[in-house]
Protein chains: 2
Amino acid sequence: MARHDDTRLPRLAVCTDLVILTVRPPSVQVLLIERAQDPFAGRWALPGGFVQPEQDLRSAAQATLVAKTGVEIGRAHLEQLASFGHPSRDPRMRVVSVAYLAMVADPPAAIPGSDAKKAEWVDIESVDRSALAFDHPQILAAGIERAMAKLEYTTLATSFCGSEFTIGELRSVYETVWGTTLDPANFHRKVLASAGFVVPTGSTSIKTKGRPAKTYRAGSAETLVPPLQR
Amino acid sequence: MARHDDTRLPRLAVCTDLVILTVRPPSVQVLLIERAQDPFAGRWALPGGFVQPEQDLRSAAQATLVAKTGVEIGRAHLEQLASFGHPSRDPRMRVVSVAYLAMVADPPAAIPGSDAKKAEWVDIESVDRSALAFDHPQILAAGIERAMAKLEYTTLATSFCGSEFTIGELRSVYETVWGTTLDPANFHRKVLASAGFVVPTGSTSIKTKGRPAKTYRAGSAETLVPPLQR
DNA sequence: AAAATAGTGTCTTTGAGACATTATCTA
DNA sequence: TAGATAATGTCTCAAAGACACTATTTT
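A quick note: this is a predicted structure, and the numbers were derived from the prediction, not measured.

Engineer: Give a description of the sheet that holds strand 9 (residues 198-204) of chain B that names residues and reports values.
Structural biologist: Residue and element names in this part refer to chain B. In space, the three strands of this open sheet follow the order 8-10-9, with antiparallel pairing throughout. In the strand order of this sheet, the two ends are held by strand 8 (165-166) and strand 9, each with one partner. Bridge count between strand 8 and strand 10 (residues 214-218): two bridges; the pairing is antiparallel. Looking at the pairing, Phe-165 lines up with Tyr-216 of strand 10.

Engineer: Please provide a residue-by-residue account of the protein's contact with DNA strand D, values included.
Structural biologist: Neighbouring DNA strand D are 23 residues, the closest being Asn186(A), Lys190(A), Ala185(B), His188(B) and Lys214(B). Among the atoms of DNA strand D lying within 4 Å of the protein, the sugar-phosphate backbone contributes 64%. Measuring from a base nitrogen of DNA strand D, one finds a side-chain N or O atom of Arg189(A) at 3.2 Å. Separating a base nitrogen of DNA strand D from a side-chain N or O atom of Arg211(A) is a distance of 3.3 Å.

Engineer: Tell me about the interface of chain B and chain A, and name the residues and values.
Structural biologist: Taken together, the 37 residues of chain B in the interface contact 37 residues of chain A. The tally of links between chain B and chain A comes to zero salt bridges. Viewed at the interface, chain A and chain B are joined by five residue pairs in polar contact (both at pLDDT 80 or more). Breaking the side of chain B that touches chain A down by element, the ones donating at least two residues are strand 1 (13-24), strand 4 (48-50), strand 5 (76-84) and strand 6 (95-104) of chain B. For the side of chain B that touches chain A, the element with the highest residue contribution is strand 5 of chain B, accounting for four residues. When grouped by side-chain class, the residues that make up the side of chain B that touches chain A number 18 nonpolar, 10 polar and nine charged.

Engineer: Describe the protein's contact with DNA strand C, listing the residues and the values that go with them.
Structural biologist: Among the 23 residues in the neighbourhood of DNA strand C, the closest are listed as Ala185(A), Lys214(A), Asn186(B), Lys190(B) and Thr208(B). Here DNA strand C approaches the protein such that, of its atoms within 4 Å, sugar and phosphate make up 64%. Between a base oxygen of DNA strand C and a side-chain N or O atom of Arg189(A), the distance comes to 3.3 Å. Separating a phosphate oxygen of DNA strand C from a side-chain N or O atom of Lys190(B) is a distance of 2.9 Å.

Engineer: Could you give me a rundown of the relation of the copies chain B and chain A, with the residues and numbers involved?
Structural biologist: When chain B is fitted onto chain A, the two copies agree to an RMSD of 0.1 Å after a turn of 179° and an axial shift of 0.0 Å. Both copies are brought into coincidence by an operation consistent with a two-fold rotation axis. Mapped onto chain A, 100% of the interface residues of chain B are again interface residues, and the two copies thus contact each other with one and the same surface.

Engineer: Requested: an account of the nonpolar core, with residues and values cited.
Structural biologist: In this structure, Val14(A), Ile20(A), Val14(B) and Ile20(B) are the most contacted members of the largest nonpolar core, which totals 50 residues. In this view, Val14(A) contacts Phe50(A), Val51(A), Leu57(A), Val96(A), Val98(A), Leu12(B), Val14(B) and Val96(B); residues no more than four positions away in its chain are not counted.

Engineer: Before we move on, could you go through the pairing of strand 1 (residues 12-24) of chain A and cite the residues and values that matter?
Structural biologist: All names here are of chain A. Burial analysis of strand 1 places 12 of its 13 residues in the buried class, the great majority of the element. Of the strand pairs in this sheet, strand 1 and strand 4 (residues 48-50) are connected by three bridges, and their pairing is antiparallel. By the bridge assignment for strand 4, Thr-16 is matched with Gly-49. Summarising the sheet, strand 1 and strand 2 (residues 27-35) pair through four bridges and their orientation is antiparallel. Following the sheet pairing, Leu-21 is matched in strand 2 by Val-30.

What counts and what doesn't
Residues numbered from 1 in each chain as written. Chains lettered and ligands numbered in written order. Predicted model: local features only at pLDDT ≥ 70, side-chain atom pairs only at ≥ 80, totals over all residues. Heavy atoms only, no water. Pairing = 2+ DSSP bridges. Helix = DSSP H or I, 4+ residues; strand = E, 2+ residues; numbered from the N terminus. Near = heavy atom within 4 Å. Polar contact = N/O pair within 3.5 Å; in protein donor to acceptor, adjacent residues only side chain to side chain. Contact = heavy atoms within 4.5 Å. Salt bridge = Lys/Arg side-chain N within 4 Å of Asp/Glu carboxyl O. Nonpolar A, V, L, I, M, F, W, Y, C, P; charged D, E, K, R; others polar. Least-squares fit on C-alpha atoms with pLDDT ≥ 70 in both. Core = buried A, V, L, I, M, F, W, Y, C linked by side-chain atoms within 4.5 Å. Buried < 20%, exposed > 50% of the residue type's maximum accessible area, 1.4 Å probe, protein only.

As structure tokens, then:
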């Protein structure tokens, strides 16, 4: 059985890695950094960092999220994704990664910071996933899959929209993430029929084309009953 | 930014804790141990253990699962649940716990092993959740919630059944976990209509009462389209 | 006016639930 | 035979999708 005598415990670290997504129709984008240091210097990777002593896992993820996107907490969705702990996933030493999934709306340019040469929003279609550092191909895949699935049965899509949005903008989030087209009329009715999904602001948006649309804010509901289907 | 110079990294360990569930109508049961050692000696807790060097997270969880239940791998469902890493969740030192959720069918008596005075299957209704050691109340809640949710849109319920089961047995899993009653006729039709949910064995089960039921094995599908509703 | 998008109305089809009916066993 | 559970059939109602139609803007 495992002992907890800490002098016998191996050297080990915990980090967080983030799959930060945004939707810019017709693309879903992920924030990637080009690593400044070894291991994997020069390679693209998910942003992340070691969890500091006395730092909660979520706080660590939040710190990375804010540092890389420049987006205020509270204007982004952040949830734990999964943990990855293969003994040799990091060549330096054993590092268990607690991955987080974040969604932000219309972020400014990504911020490289000290650990990256570059930081960029990249279309997920054009990412050479297998070239990512560490086991980040796996983490990215898990993040994208989770995001796609959660759109169906949660109100998460609103976190890809700004504070005010039209039903058409919300629909384009779904269409972009799922790579499908949805009937505008039926989508409209279904969204308004889901209690707590969106609340009207009373004003309308000015667009370049077509009839101006009423705008909405995200509602208080988190789950979508009934779910929206793909 | 985080440094990776390992001499500066704090002492830290990673463990796995398991929410192991089984269904014995009319109860859902969870495997709990009574801790043999401090901290929390004498208190009930989820089974778990430290992750050993060179041991994968899943392997660590699997080892605990087999050790406590006596069930062969392959006859149990095991999935990662979430990670819990509050800095003071363990009074000894910083310990990040990667929690796993397991489901087993009709297990034998639980095995205490060396780290527990007792190990028992306990009805989840009768667990004094707030008395559990560490942050295990939170982990248990997350496990139960996940299990209940996944019955709806996955074929997971079959992992609470033996290798061969009747539709009625499968239905009682749903009824037990959700605490509801389901229409036997409609349930029957919906299960058989879900492609890949169950496959007929060709034989029938002998029961004490009523007409003998055809038996089925778990099918190859993992997700349930359309989902079964509560 | 034409084009584009927002929003509403309506019809059809599908699927879920309620419940009756038939089948096959044990006590 | 009575009672119990399995399995099938049928009816009704509600929701989803297809699509026609109206509304309001820009060019």
